[in-house]
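# Working through the structure, step by step
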Amino acid sequence: MRRLRPVLALLAALWLAAPTTSALAAAPRASFNDIEDEVMCVTCNVPLHIAVSAQADEERTEIKRLIAQGLTKQQVLDQLVADLGPRVLGDPPSDGFNVTTWLVPVGAIGGVALLLVLTLPRWRRRSEDDHDGRGPSTDEPSVSPADMRRLDEDLAATEG
Amino acid sequence: MKRSAVPSVALVVAAALVALLVYGVAIKGTDTTLDEAVSKGRRPAAPGATLKLPRLDGTGQTSIADYRGKVLVVNIWASWCGPCEDEAPTLQRAQAKLEADGTGTILGVTNTDIPRKSVAFERKYGFTFPSVRDLDVKLYRALGSTGVPETLVLDAKGRVVALSRGQISDTFLDRAIARAKAST
């Protein structure tokens, strides 16, 4: 029995450690590159992954420190917002004039969509007319009668 | 929509976007109103004085207006800022004098700084004055700030009597505090 004690102790330790290990395996591991892509260097006002400054390096060190603590990506982002403010996420504030940063793209997409809705049917009709052999609209003569007469005269003179 | 209307609408939209851009650039520019007023000897009220900001030590919120009735030196700083390190002893010397005669205090405002590092900076330089965290840089913008460090000296009525957009010296701070004390 005495010989079995160390083995039993080892098995007990493994059994106790098992849930912790599986829990760690289940939690998504935060990736530094993944987070660096999504945050701003708040002092340089550029995305962190392209920022070159001492402050950017400090921010990178902080992210690595938080990852080393075992925090998930969302927890790291939350901590950065708590420490450095919402600007760290790079989202423009939605107050005052800044609201245009959201409204202008939405308006532009809406405007282009409206333009397409209004003009596409006409383009399609014209395209179908061309395929039917009717050709483009001939409501108005492209050559005036006077020009036509002059053309006929020129052709007759050339042939003559 | 008539065929001829499309270019007109596109032109109007383009003109509106250009106008929006010009307006945006104009209002986002640095506000020098405060600097001009102070340089002309006026004593404008400190902008953003009522903004409540969280204290760095986590003991609630405070604003510039809370210090009305005393001389207040507002100093914007960050632990990553070299000139802030250089002027830190000047600030603490001034704070010791203000504490000794009970006429006022310095209020630090940290700018885009990790709190853990701000606290370490305070300890390193033995700051005995409070600091707040300007997380949304609202006070920074209200004061027309352009960088760190910056210092504003307010009299007991909350009016700006002196300001420095950059590192300060003992001479500047002593004179500014004397002016604030003499201000009625």
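Scroll up to find the structure.
All of these numbers come straight from a predicted model, not from anything done at the bench.

### Some thoughts on the overall build of chain B
From N to C terminus, chain B includes six helices and seven strands. Ordered by position from N to C terminus, the α and β elements of chain B give α-α-β-β-β-α-β-α-β-α-β-β-α. Of all 184 residues assigned to chain B, the portion counted as buried reaches 35%. Once local pairs closer than 6 in sequence are excluded, the contacts in chain B between residues at least 24 apart make up 68%.

### Some details on the environment of A:Ala56
Residues and elements named next belong to chain A. With respect to the element layout, Ala56 can be found in helix α3 (residues 54-68). Expressed as a C-alpha distance, the spacing of Ala56 and Cys44, which sit twelve residues apart in the sequence, is 7.7 Å. In contact with Ala56, not counting residues within four places along its chain, are Cys41, Cys44, Leu48 and Ala51.

### Here we look at the pairing of strand β3 (residues 71-77) of chain B
All names here are of chain B. Across the seven residues of β3, seven count as buried, placing the element largely inside the fold. Neither face of β3 is exposed, since Val71, Val73, Asn75 and Trp77 on one face and Leu72, Val74 and Ile76 on the opposite face are all buried. Handedness of the crossover is the feature at issue here: the chain leaves β3, passes through helix α3 (residues 82-101), returns alongside strand β4 (residues 104-110), and the resulting connection is right-handed. With five bridges connecting them, β3 and strand β6 (residues 150-154) associate as antiparallel partners. The partner of Leu72 across the bridge, within β6, is Leu154.

### Comments concerning the nonpolar core
All names here are of chain B. Core analysis: the biggest nonpolar cluster contains 40 residues, and Leu72, Val74, Leu107, Leu152, Val153, Leu154 and Ile177 have the highest contact counts within it. Of all the secondary-structure elements, those providing two or more residues to this core are β3, α3, β4, β6, β7 (160-164) and α6 (170-182). The leading source of residues in this core is β3, at six residues. Residue contacts for Leu107: discarding those within four places in its chain leaves Ile64, Tyr67, Leu72, Val74, Phe129, Pro130 and Val132.

### Digging into unusual backbone geometry
With omega at 0°, the peptide bond leading from B:Val148 into B:Pro149 counts as cis. Looking at where B:Pro149 falls in the secondary structure, it is placed in the loop between α5 (138-142) and β6. A positive phi angle, close to 60°, is found at A:Asn45, a residue other than glycine. By secondary structure assignment, the location of A:Asn45 is in the loop between β1 (40-41) and β2 (46-47). Taking the C-beta count within 10 Å as the criterion, A:Asn45 has 10 such neighbours and is therefore assigned exposed. Here B:Val137, not a glycine, exhibits a phi torsion of approximately 45°, which is positive. Relative to the elements of secondary structure, B:Val137 occurs in the loop between β5 (131-133) and α5. The class for B:Val137 is partly exposed, based on 17 C-beta atoms found within 10 Å.

### Quick word on the environment of B:Lys138
Residue and element names in this part refer to chain B. Inspection of the secondary structure assignment puts Lys138 in helix α5. Sequence separation between Lys138 and Leu53 is 85 residues, and the spatial gap between their C-alpha atoms is 9.5 Å. In this structure Lys138 touches Gly48 and Leu51, once residues within four positions along its chain are discounted.

Conventions we followed
- Residues numbered from 1 in each chain as written.
- Chains lettered and ligands numbered in written order.
- Predicted model: local features only at pLDDT ≥ 70, side-chain atom pairs only at ≥ 80, totals over all residues.
- Helix = DSSP H or I, 4+ residues; strand = E, 2+ residues; numbered from the N terminus.
- Buried ≥ 20, exposed ≤ 12 C-beta atoms within 10 Å, placed from the backbone.
- Contact = placed C-beta atoms within 7 Å.
- Right-handed = clockwise from strand over helix to strand, strands pointing away.
- Pairing = 2+ DSSP bridges.
- Core = buried A, V, L, I, M, F, W, Y, C linked by C-beta atoms within 7 Å.

Honestly, it's all geometry; don't read function into it.
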